[in-house]
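# A look at the structure
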Amino acid sequence: MDINEVLLPGVGLRYEFVNHEGDRIGVVAQRSGDFEVVVYPGDDPDEAHPVVRLTREEADTLAEILGAPRIAERFADLTREVPGLNAGQVEIRPGSPFADRPLGDTRARTRTGASIVAVVRGEDVIASPGPGRTLRAGDILVVIGTREGIAGVERIVQG
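Residues numbered from 1 in each chain as written. Predicted model: local features only at pLDDT ≥ 70, side-chain atom pairs only at ≥ 80, totals over all residues. Heavy atoms only, no water.

Going by the annotation in an unreviewed UniProt entry, the name recorded for the protein is Potassium transporter TrkA, with Streptomyces poonensis given as the source organism.

See below:
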């Protein structure tokens, strides 16, 4: 399926696709973190009819329900707007010194300046994990920071 991505300066990003019935569907990911799902009745991208408005938390819940752990992609899209800010993924491998230990034990943000904004565990996305969240082998950490910071998180969790 083709997805058209349009940068909306000062607003965020708009994703558009045509569904199986020929309707143009749009999702506006606002810089505030809120989302709006719209349907376009014609070929005019400015004539959109809102279907539903979602807060960041509601959008994350809907994404989890739909089985689409795309949080890393959303952060990657948003980091394109901020020079020097990157999104990365770091796996907790078997044998990691932090497997079966709380996230806070890594002291990753203090040591690297990078933030772990989500943990992907199988099909589940744990957004904004707290320091008490226990890490497990196979978890994927979604990290936001500089390239050096992300590499630093990887070095920390791989021992």
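Now that the structure has been shown, we can carry on.
## Observations regarding helix α4 (residues 147-158)
Definition in use: Strands here mean DSSP runs of E at least two residues long; helices mean DSSP runs of H or I at least four residues long; both are numbered from the N terminus. Helix span, as expected, comes to 1.5 Å for every residue beyond the first. When a residue's accessible area, from a 1.4 Å probe over protein chains only, is under 20% of the maximum for its type it is buried; when over 50% it is exposed; and in between it is partly exposed. In this description, the arc belongs to the directions extending from the helix axis to the C-beta atoms. Whether two residues are in contact is decided by their heavy atoms: any pair within 4.5 Å suffices.
With 12 residues, α4 should reach 16 Å at 1.5 Å per residue; the first-to-last C-alpha distance of 17 Å fits that figure. For α4, the complete set of buried residues consists of Gly149, Ile150, Gly152, Val153, Ile156 and Val157. Taken around the axis of α4, the buried residues stretch over an arc of 155°, which confines them to a single face. Every exposed residue of α4 that faces more than 90 degrees away from the buried side is listed here: Arg147, Glu148 and Arg155. Check the buried side of α4 and you find it contacts β6 (86-91), α3 (108-112), β7 (115-121) and β9 (140-145). Gly159, located one to two residues past α4, shows a positive phi value of around 70°.

## Some words on the nonpolar core
The test is simple: We call a set of buried Ala, Val, Leu, Ile, Met, Phe, Trp, Tyr and Cys residues a nonpolar core when their side-chain atoms join them within 4.5 Å.
One finds Val90, Ile92, Ile116, Leu135, Leu141, Val143 and Val153 to be the most contacted residues of the largest nonpolar core, which totals 17 residues. The set of elements that each furnish at least two residues to this core consists of β7, β9 and α4. Among the elements that line this core, the one with the most residues is α4, at four residues. Not counting residues up to four positions away in its chain, the partners in contact with Val143 are Asn86, Ala87, Gly88, Val90, Ala114, Ser115, Ile116, Ile150 and Val153.

## What about the sheet that holds strand β3 (residues 24-30)?
The strands making up a sheet are joined through hydrogen bonds of the backbone, oriented either antiparallel or parallel. Filter applied, for reference: DSSP bridges decide pairing: two strands pair if at least two such bridges lie between them. Geometry is summarised by axes, namely lines fitted to C-alpha atoms with helices restricted to the contacting stretch, and by angles between N-to-C directions that run from 0 to 180 degrees.
One open sheet holds the five strands; their spatial order is β1-β2-β3-β4-β5, and the pairing between them is antiparallel. One side of each edge strand has no neighbouring strand; the edge strands of this open sheet are β1 (4-8) and β5 (49-54). Taking each pair of neighbouring strands and ignoring which way they run, the sheet shows an average axis angle of 20°. Note: strand β2 (residues 12-18) against β3, seven bridges, orientation antiparallel. Counterpart to Leu13 in the pairing with β3 is Ala29.

## Looking at the sheet that holds strand β8 (residues 124-127)
The strand order across the open sheet built from four strands is β6-β9-β7-β8, with neighbouring strands paired in antiparallel fashion. Lying at the two open borders of the sheet, with one neighbouring strand each, are β6 and β8. On average, each strand axis in the sheet is inclined to that of its neighbour by 25°, with strand direction left out of account. As judged from the four bridges shared by β7 and β8, these two strands associate in the antiparallel manner. Considered in β8, the bridge of Ala118 is made with Ala127.

## Brief notes about the pattern of salt bridges
Operational definition: The rule for a salt bridge is simple: a side-chain nitrogen of Lys or Arg has to be within 4 Å of a carboxyl oxygen of Asp or Glu.
Under the counting rule described, the total for this entry stands at five salt bridges. Across the pair Arg24 and Glu16 runs a salt bridge, and its minimum N-O distance is 3.8 Å. Residue classification places Arg24 among the buried positions, given a relative accessible area of 17%. A salt bridge links Arg121 to Asp139; the nearest nitrogen and oxygen atoms lie 2.7 Å apart. Placement of Arg121 in strand β7 and of Asp139 in the loop between β8 and β9 is noted, with a sequence separation of 18 residues between them. Asp139 gets classed as buried once you look at its relative accessible area, which sits at 1%. A single salt-bridge network, built from bridges that share partners, covers Arg14, Glu16 and Arg24.

## Section: the confidence of the model for the protein
Spelled out, the test is: Note on scores: pLDDT gives the predictor's confidence for each residue, bounded by 0 and 100.
Averaged over all residues, the pLDDT of the protein is 83; the fraction at 70 or higher stands at 85%. Looking over the protein, one finds the lowest element-wise mean pLDDT in helix α2 (residues 71-79), namely 59, and the highest in α4, namely 95.

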